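Now for the letters of each chain:
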Amino acid sequence: MIKEVKAVDQRVLNELGRICGSSFVLTGAQNCQEFGSDQTEDLHFMPAVVVRPGSPEEVSEIMQLANIERIPVTPRGAGTGLSGGALPVCGGIVLSTDRFTRIQEIAA
């Protein structure tokens, strides 16, 4: 059973800021524009918010919040894809991995 998808409200934005720092929570068309497209031509979907977590723990908290609030999450790497797979078609949260800049551990 699919539950209703909710919008991102100020309470959720505040919680995202608590999780990863308010400077890593981007809102508004000017800040989110580049996260709504990739190298796919003519496809653009504006996210409600972009979060830039800095640790796996932050990612976990963001995903828990999104699940509780029924907000869609679209993970995003560098945005160089050609298939539209990292586009926030349903709006919601774009979870950018751009702050993950080094390998901490490789499990064998």
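The sections below set out a description of the structure shown in this document. Counting restarts for each chain: residues are numbered from 1 in the order of the written sequence. Per-residue local features are limited, in this predicted model, to residues with pLDDT of at least 70; the limit for side-chain atom pairs, both in listing and counting, is 80 or more; totals at the level of whole chains, interfaces and linings are taken over all residues. Side-chain figures throughout are based on the complete set of non-hydrogen atoms in the structure, without hydrogens or water.

## Considerations on the environment of Pro56
By the secondary structure assignment, Pro56 is in helix α3 (residues 56–69). Using a 1.4 Å probe on the protein chains alone, a residue whose accessible area is under 20% of its type maximum counts as buried, one over 50% counts as exposed, and one in between counts as partly exposed. Residue classification places Pro56 among the partly exposed positions, given a relative accessible area of 46%. Along the primary structure Pro56 and Val73 are separated by 17 residues, whereas in three dimensions their C-alpha atoms are 15 Å apart. Numbering of helices and strands runs from the N terminus; a helix is a DSSP stretch of H or I covering at least four residues, while a strand is a stretch of E covering at least two.

## Structural notes on the packing of aromatic side chains
Each aromatic pair joins two rings of Phe, Tyr and Trp (for Trp, the six-membered one) with centres within 6.5 Å, and gets the label stacked for planes under 30 degrees apart, edge-to-face for over 60, and tilted for any other angle. In total, this model carries 0 aromatic pairs according to the counting rule given. We note Arg99 situated over the ring of Phe24; from NZ or CZ to the ring centre the distance is 3.5 Å. Whether a charge sits over a ring comes down to the Lys NZ or Arg CZ being within 6 Å of the ring centre and within 35 degrees of the ring normal.

## What about the sheet that holds strand β4 (residues 93–96)?
One open sheet accounts for 4 strands, arranged β1-β2-β4-β3; its pairing is mixed. Strand pairing shows two members of the sheet lacking a second neighbour, β1 (25–26) and β3 (73–76), which therefore form its edges. For two strands to count as paired, DSSP must find a minimum of two bridges between them. In this structure, β3 lies alongside β4, joined through 4 bridges in parallel fashion. Across the sheet, the residue bridging to Thr74 is Val94, located in β4. Note on contacts: a residue pair is in contact if any heavy atoms of the two residues lie within 4.5 Å. Helix axes are fitted to C-alpha atoms over the stretch in contact, other axes to C-alpha atoms as well, and angles between N-to-C directions run from 0 to 180 degrees. Of the strands in this sheet, β2 (49–51), β3 and β4 touch α3, which is tilted by about 170 degrees from β4.

## As for α3
With 14 residues, α3 extends 20 Å between its outermost C-alpha atoms, agreeing within 8% with the 20 Å of an ideal straight helix rising 1.5 Å per residue. Looking at α3, one finds that the buried residues are Glu58, Ile62, Leu65, Ala66 and Glu69. End-on view of α3: buried residues confined to an arc of 95 degrees, all on one side of the axis. Relative to its buried face, α3 has exposed residues pointing more than 90 degrees away, namely Glu57 and Ile68. The inward-facing, buried residues of α3 contact α1 (10–20), β2, β3 and β4. Between the first and last residue of a helix there are one fewer steps than residues, each counted as 1.5 Å, and that sum is the expected span. Along the arc lie the directions from the helix axis toward the C-beta atoms.

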